[in-house]
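So you can see what is in the structure, the chains are spelled out below.
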Amino acid sequence: MTAIPPAAIAVIAAALDDYRHTTPTHQQTPRGAAERAAEYLATSGWGLHVPRTPQPQQRARCPHCTVPHLITQQGRIRRHGPHSNPCPGSGTPANNPRTQPTTPAGDVRPDRKATP
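Bear in mind that the values here come from a model prediction, so they are computed numbers and not experimental data. Counting restarts for each chain, with residues numbered from 1 along the sequence as it is written. Per-residue local features of the predicted model are confined to residues with pLDDT of at least 70, and side-chain atom pairs are confined, for both listing and counting, to 80 or more; whole-chain, interface and lining totals are unaffected and use all residues. Excluding hydrogens and water, the side-chain figures rest on all heavy atoms present in the structure.

Caption draft 1: Representation of the environment of Thr-22 within the structure. Mapped onto the elements of the fold, Thr-22 is located in helix α1 (residues 6–22). For every residue, the accessible area obtained with a 1.4 Å probe (protein chains only) is divided by the maximum for its type, and the residue is called buried under 20%, exposed over 50%, and partly exposed between those limits. Its relative accessible area of 47% is what places Thr-22 among the partly exposed residues. Of note is the side chain of Thr-22, whose polar atom sits 3.2 Å from the side chain of Arg-36. The helix count covers DSSP runs of H or I at least four residues long, the strand count covers runs of E at least two residues long, and both are numbered beginning at the N terminus. Pairs of N or O atoms within 3.5 Å make up the polar contacts considered here, provided that, within protein, one atom can donate a hydrogen while the other can accept it, and that residues adjacent in sequence are counted only when both atoms are side-chain atoms.

Caption draft 2: Representation of the packing of α1 against helix α2 (residues 30–43) in the model. Across the interface, α1 lies against α2 with an axial gap of 8 Å and an inter-helix angle of 130°. With respect to each other, α1 and α2 are oriented oblique. Of the two elements, α1 crosses α2, and the hand of that crossing is right-handed. Seen from α1, the contacting residues are Ala-8, Val-11, Ile-12, Ala-14, Ala-15, Leu-16, Asp-18, Tyr-19 and Thr-22; seen from α2, they are Gly-32, Ala-33, Arg-36, Ala-37, Tyr-40 and Leu-41. Following the grouping adopted for this structure description, the nonpolar residues are Ala, Val, Leu, Ile, Met, Phe, Trp, Tyr, Cys and Pro, the charged ones are Asp, Glu, Lys and Arg, and the polar ones are all others, Gly among them. Per-class residue counts for the contact of α1 with α2 are 11 nonpolar, 2 polar and 2 charged. For helices, the fitted axis covers only the stretch in contact; all axes are lines through C-alpha atoms, and the angles between them, taken along N-to-C directions, range from 0 to 180 degrees. To sort the angles, those under 35 degrees are grouped as roughly parallel, those over 145 as roughly antiparallel, those from 65 to 115 as roughly perpendicular, and the leftovers as oblique. Here a crossing is called left-handed whenever its near helix is offset anticlockwise from the far helix by less than a right angle, and right-handed whenever the offset is clockwise. The criterion used for residue contact is that any of the two residues' heavy atoms lie within 4.5 Å.

Caption draft 3: Quick look at the pattern of salt bridges. What makes a salt bridge here is a side-chain nitrogen of Lys or Arg within 4 Å of a carboxyl oxygen of Asp or Glu, nothing more. Overall, the coordinates contain 3 salt bridges when judged by the stated rule. For Asp-18, the salt bridge identified is with Arg-36, shortest N-O distance 2.6 Å. Here Asp-18, found in helix α1, pairs with Arg-36, found in helix α2; they are 18 residues apart in sequence, far enough to count as distant. We classify Asp-18 as partly exposed; its relative accessible area is 24%. A salt bridge links Arg-31 to Glu-35; the shortest N-O distance between them is 3.0 Å.

Caption draft 4: The arrangement of unusual backbone geometry in detail. Positive phi is not limited to glycine here, since Thr-66 has a value of about 60°. With respect to the helices, strands and loops of the structure, Thr-66 is situated in the loop between β1 (59–61) and β2 (68–70).

Caption draft 5: Examining the side chain of Ser-90 more closely. Inspection of the secondary structure assignment puts Ser-90 in the segment after β2. In this structure the side chain of Ser-90 is engaged in a polar contact, spanning 3.0 Å, whose partner is the backbone nitrogen of His-80. Those residues in contact with Ser-90 that lie beyond four places of it in its chain are Ile-77, Arg-78, Arg-79 and His-80.

Caption draft 6: Representation of α1 within the structure. To estimate how far a helix should reach, multiply one less than its number of residues by 1.5 Å. When the terminal C-alpha atoms of α1 are compared, their 24 Å separation across 17 residues agrees well with the 24 Å that a helix rising 1.5 Å per residue should span. When we look at burial in α1, the residues that qualify are Ala-8, Val-11, Ala-15 and Tyr-19. End-on view of α1: buried residues confined to an arc of 70°, all on one side of the axis. Opposite the buried face of α1, at more than 90 degrees from it, the exposed residues are Pro-6 and His-21. Check the buried side of α1 and you find it contacts α2. By definition, the arc is the one covered by directions from the helix axis to the C-beta atoms.

Right, here's the structure in full:
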């Protein structure tokens, strides 16, 4: 994943803050927030870079939830699960196979089979 410059993050934060304060709560949508952030970035001089070669879409099974998820360019399983409570397997190195899914306490989960 490409690092986002702090200045761009500040522009996005300002756009989202403005969106939350100027749009009634019942009319706020993720798409509206994204459009506001894109508008702020474009008017602030930030451009979009599209890589010439498509990035490979490799997947690996999460050692916690055992569902295949995308692998980041750093070789880690992409963050997944609810935003406020991501899966504990998020960020695990993709080449680090764990044979037994476990609970957050480290106990073997009896409801899941061992992964190969």
